[in-house]
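Read off the chains here:
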Amino acid sequence: MVDFFVNRVLVENNWDQDELNTEREIVGILENRILLLLFASAECGKCKEFVPVLNDFFKRLKDPAYIEYPRLLALIYIRSQPATWLVFMTPRKMRSCAFTCSFPSLRSLDQSEEQQGRFLKEMHKKVLFLAFEDPYRKELQAKFKVKDVPTVVVLRPDGSVLSPNAVQDIYRLGSECFLNWQESSELIERSFMLNEEFDNLNMRSATDPVRRLKYKTEDDKRKKRWWRLWGRGRADNEESGSVGYKERGGL
């Protein structure tokens, strides 16, 4: 699956739109993960409706606010347009029908980079995407036989297809889809090992050493104060005992 994007440039959907363009970066972010390929268009009404659902699905599997260990999952947006009508309709029929009204996403053939930018702003910040001019998107659309948008192709870590289109599953099951994909792909998450390894350890924050030093210093002060009081009390007792012994005729 990683091989699909080696020697390609993937862009992170963050403020800086950092580019991942080395094999090491691509492998690091995609290896041993279930990969979702979102084929969609900025001008597609159905795509716009699907984005909030997809964002909720994705953040419940990736964001620390929802899950302790982010799932081994990656999502790549690929700018596309539906191919069904372009393939099966003759030019004469395409001119004679008002298909642009029924299927507004077909107008995405000429969508601009600015439109794509607005579309990406609505998506999760950990989404990756191909650069606007990258022609590889057409190869991927043909390879996975994408005929409509939105389409979410789900790939196992070895690159084989788990689901040719998981849009309806995501609508219906939400983040529970991932458990089915994980089981089908026999994906072993490192979080299982982390749970076992650190189950009995007391995990501390970055400021814990400072707090421990502070408390240790305070404990030492209390101990020293106690020992001084204890020593003073012991000396007073010994002195009073010695005086009483002399009064009774001792040495």
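Residues numbered from 1 in each chain as written. Predicted model: local features only at pLDDT ≥ 70, side-chain atom pairs only at ≥ 80, totals over all residues. Heavy atoms only, no water.

What the protein chain contains, in helices and strands, is eleven helices and seven strands. The buried share among the 251 residues of the protein chain stands at 37%. Considering only residue pairs separated by 6 or more positions, the protein chain has 68% of its internal contacts joining residues 24 or more positions apart. Carbon and sulfur atoms form 52% of the exposed surface of the protein chain, whose accessible area is close to 16,200 Å². (Helix = DSSP H or I, 4+ residues; strand = E, 2+ residues; numbered from the N terminus. Buried < 20%, exposed > 50% of the residue type's maximum accessible area, 1.4 Å probe, protein only. Contact = heavy atoms within 4.5 Å. Areas by Shrake-Rupley, 256 points an atom, 1.4 Å probe, with all protein chains shown as cover.)

Strands sit in the order β2-β1-β5-β4-β3-β6-β7 across an open sheet of seven strands; the sheet is mixed. For this open sheet the edge positions go to β2 (19-20) and β7 (161-163), each flanked by a neighbour on one side alone. Direction of pairing for strand β3 (residues 34-40) relative to strand β4 (residues 73-79): parallel, over a ladder of seven bridges. Looking at the pairing, L37 lines up with I76 of β4. Relative to β4, helix α2 (residues 45-62) is tilted by about 160°, and along the sheet it contacts β3, β4 and β6 (151-155). (Pairing = 2+ DSSP bridges. Axes fitted to C-alpha atoms, helices over the stretch in contact; angles between N-to-C directions.)

Put simply, the protein chain has an average pLDDT of 76, and 63% of its residues get 70 or more. Overall, residues 93-110 carries pLDDT values under 50, and its contacts beyond four positions in sequence, including any with other chains, amount to 28 contacts. (pLDDT = per-residue confidence, 0-100.)

Next up on the list: the nonpolar core. Of all hydrophobic cores here, the largest spans 34 residues; its most connected members are F57 and W181. Of all the secondary structure elements, the ones that give two or more residues to this core are β3, α2, β4, α6 (113-121), β6, α8 (167-173) and α9 (177-185). Broken down by element, the residue count for this core peaks at seven residues, all from α2. Excluding residues within four positions of it along the chain, W181 makes contact with I34, L36, F57, V154, L162, A166 and I170. Counting 23 residues, the second largest nonpolar core, distinct from the first, contains V6, L20, L30 and Y136. (Core = buried A, V, L, I, M, F, W, Y, C linked by side-chain atoms within 4.5 Å.)

Right, let's get into the packing of aromatic side chains. Aromatic ring pairs are reported here in terms of the distance separating the ring centres and the angle at which the planes meet. Summed over the entire model, instances satisfying the criterion amount to five aromatic pairs. On the numbers, 6.1 Å between centres and 90° between planes, the contact of F5 with Y136 is edge-to-face. Here F5, found in the segment before β1 (10-12), pairs with Y136, found in helix α7 (residues 136-143); they are 131 residues apart in sequence, far enough to count as distant. Ring centres of F57 and W181 lie 5.9 Å apart, and the angle between their planes is 65°; on these two criteria the pair is classed as edge-to-face. Placement of F57 in helix α2 and of W181 in helix α9 is noted, with a sequence separation of 124 residues between them. Of the two residues examined, F57 and W181, each falls in the buried class. Cation over ring: K143 sits above F144, and NZ or CZ is 5.9 Å from the ring centre. (Phe/Tyr/Trp six-rings, centres within 6.5 Å; stacked < 30°, edge-to-face > 60°. Lys NZ or Arg CZ within 6 Å of the ring centre and 35° of its normal.)

A few words on the pattern of salt bridges. Pairs may arise between side chains of opposite charge once their charged atoms sit close together. Taken as a whole, this structure holds five salt bridges when the rule is applied. Here D134 and R8 are joined by a salt bridge, their closest N and O atoms 3.9 Å apart. Of this pair, D134 sits in the loop between β5 (128-130) and α7 while R8 sits in the segment before β1, placing them 126 residues apart in sequence. Residue D56 pairs with R60 through a salt bridge whose shortest N-O separation is 3.1 Å. Taken together, the positions of D56 and R60, both in helix α2 and four residues apart, correspond to about one turn of that helix. (Salt bridge = Lys/Arg side-chain N within 4 Å of Asp/Glu carboxyl O.)

Moving on: the side chain of S163. Its location among the elements puts S163 in strand β7. Among the residues examined, S163 registers a relative accessible area of 9% and is labelled buried. Apart from residues no more than four positions distant in its own chain, S163 is found in contact with V152, V153 and V154.

Further remarks concern α6. Restricting attention to buried positions, one finds in α6 the residues Q115, Q116, F119 and L120. Projected down its long axis, α6 shows its buried positions confined to an angular sector of 135°, all on one face. Facing away from the buried side of α6 by over 90 degrees, the exposed positions are E114 and K121. Buried residues along α6 sit against β3, α2, β4 and β5. (Arc of directions from axis to C-beta.)

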